[in-house]
Structures are given as C-alpha cells and as structure tokens.
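Per-entry structural report
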Amino acid sequence: MTVSAMEQAVLIDAATVLYALSPDDPRSAACQEHLLDLASGKSRGYVSAEVIQEVVFHRMRKTQNRAQSVAEGRGLMRSFTVLKFDNEVLDTSLRLIEQLPNVRGRDAIHAATALVYSITKILSPDKDFDGIPGITRIDPLAE
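Residues numbered from 1 in each chain as written. Predicted model: local features only at pLDDT ≥ 70, side-chain atom pairs only at ≥ 80, totals over all residues. Heavy atoms only, no water.

Where burial is concerned, the two faces of strand β1 (residues 9-12) agree: the one with A9 and L11 and the one with V10 and I12 are both buried. Across 3 bridges, the pairing between β1 and strand β2 (residues 44-48) is parallel. Paired with V10 across the bridge in β2 is G45. Examined bridge by bridge, β1 and strand β4 (residues 121-123) share 2 bridges and lie parallel to one another. Directly across from I12, in β4, lies its bridge partner L123. (Buried < 20%, exposed > 50% of the residue type's maximum accessible area, 1.4 Å probe, protein only. Helix = DSSP H or I, 4+ residues; strand = E, 2+ residues; numbered from the N terminus. Pairing = 2+ DSSP bridges.)

Right, here's the structure in full:
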C-alpha cells in the first residue's frame, strides 16, 4: 500500500489533535494551525483509524460529552483521509514494539500505519517517534 509519491503526505498523531481540541492548553494554537494547513490542502493529511478511536476515547473521558466526542471523530474523518488498521499494520506495529524500546501501544500502530502506507512524515509533539526508521517527526510545537 502506498500513498501517491506526488503528495506531501503527513500522518497526524492523536496528541496533535487532542492538544488542538483543548483551547485552554498553551499548545492548542500551534496544533490547530498545523491541522488547518493540512485540512486546507497545503499538504495531504492522513489519520489512522486508531487515531480517531484514541481521540474519541480521550475526549469522552475529558468532556463527558459522548455526542460531542463522536462529532469530533467524524470531523476528523471528513477533514483527513482515514487509513485502514489491518493485519499488515498490526504485524508492523508488533515488529516496531519488538525492535524499538521507546515505541509501544498506540504510537506503534500510528507509526506502523505510516510505514505501511509509505508516509514518511508524522505530525506529533511526541519525541518517541524520533527513533523510528523511515519516519520523520514534524513537531507542531517547534517555532
């Protein structure tokens, strides 16, 4: 599976979305700016199915508003291309967990999704993505 080589493809990490959805967080504006750039088509934004699940889960916990949380998940689906979470992504995530001590859980799934779909950039404030071969992290908080 690959994304068109002509695109400036960027996989979006859940942390970027969660900061953007938290207006009281000092990281919110920077993350919102990056997401708006991607949604406007300056580059092509992708999310894994697991990113949407993670965002909805955390937003339900934080806001206690189930309908709003689901609406935010659907908003991500409308704004960005959702990539499948299949056996190839799962197997790649397990290999990353085996081989890289800083990679685990959902981050492994996000990174594996990028790798399986040949996306080399991930938009994330999470430094754990820095050591993953084939992935370049774009820090939405960097000036």
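After that view of the structure, there is still more to cover.
Within the chain, Q64 stands out as a residue other than glycine whose phi angle is a positive 60 degrees. One can find Q64 in the loop between α3 (49-63) and α4 (66-79). Judged by its relative accessible area of 66%, Q64 falls in the exposed class. With a phi angle near 60 degrees, S118 is a residue other than glycine that sits in the positive phi range. Looking at the secondary structure, you find S118 in the loop between α6 (105-116) and β4.

Looking now at the nonpolar core. In terms of nonpolar packing, the biggest core is built from 20 residues, with L11, L96, I119 and I132 touching the most fellow members. Elements with a contribution of two residues or more to this core: β1, α5 (87-99) and α6. Ranked by the residues each element gives to this core, the list is headed by α6, at 6 residues. When neighbours within four sequence positions are excluded, L96 is seen to be in contact with V103, A108, A111, A112, L115 and I132. The next biggest cluster of nonpolar side chains, apart from the first, holds 17 residues, and it includes A14, V56, L76 and L123. (Core = buried A, V, L, I, M, F, W, Y, C linked by side-chain atoms within 4.5 Å. Contact = heavy atoms within 4.5 Å.)

This brings us to the pairing of β2. Every other side chain in a regular strand lies on the same face of the sheet, so the side chains alternate between the two faces. Burial analysis of β2 places 4 of its 5 residues in the buried class, the great majority of the element. Two elements, β2 and strand β3 (residues 81-83), share 3 bridges in a ladder whose sense is parallel. Bridge pairing in β3 links Y46 to T81.

Right, let's get into the packing of α3 against α4. Where α3 contacts α4, the axes come no closer than 8 Å and their chain directions differ by 155 degrees. When the interaxial angle is binned, α3 and α4 end up roughly antiparallel. With respect to the hand of their crossing, α3 and α4 are arranged in right-handed fashion. Contact residues: α3 offers I52, V55, V56, R59, M60 and T63, while α4 offers R66, Q68, S69, E72, G73, L76 and M77. Split by residue class, the contact of α3 with α4 holds 6 nonpolar, 4 polar and 3 charged. (Axes fitted to C-alpha atoms, helices over the stretch in contact; angles between N-to-C directions. Parallel < 35°, antiparallel > 145°, perpendicular 65-115°, else oblique. Left-handed = near helix turned anticlockwise from the far one by under 90°. Nonpolar A, V, L, I, M, F, W, Y, C, P; charged D, E, K, R; others polar.)

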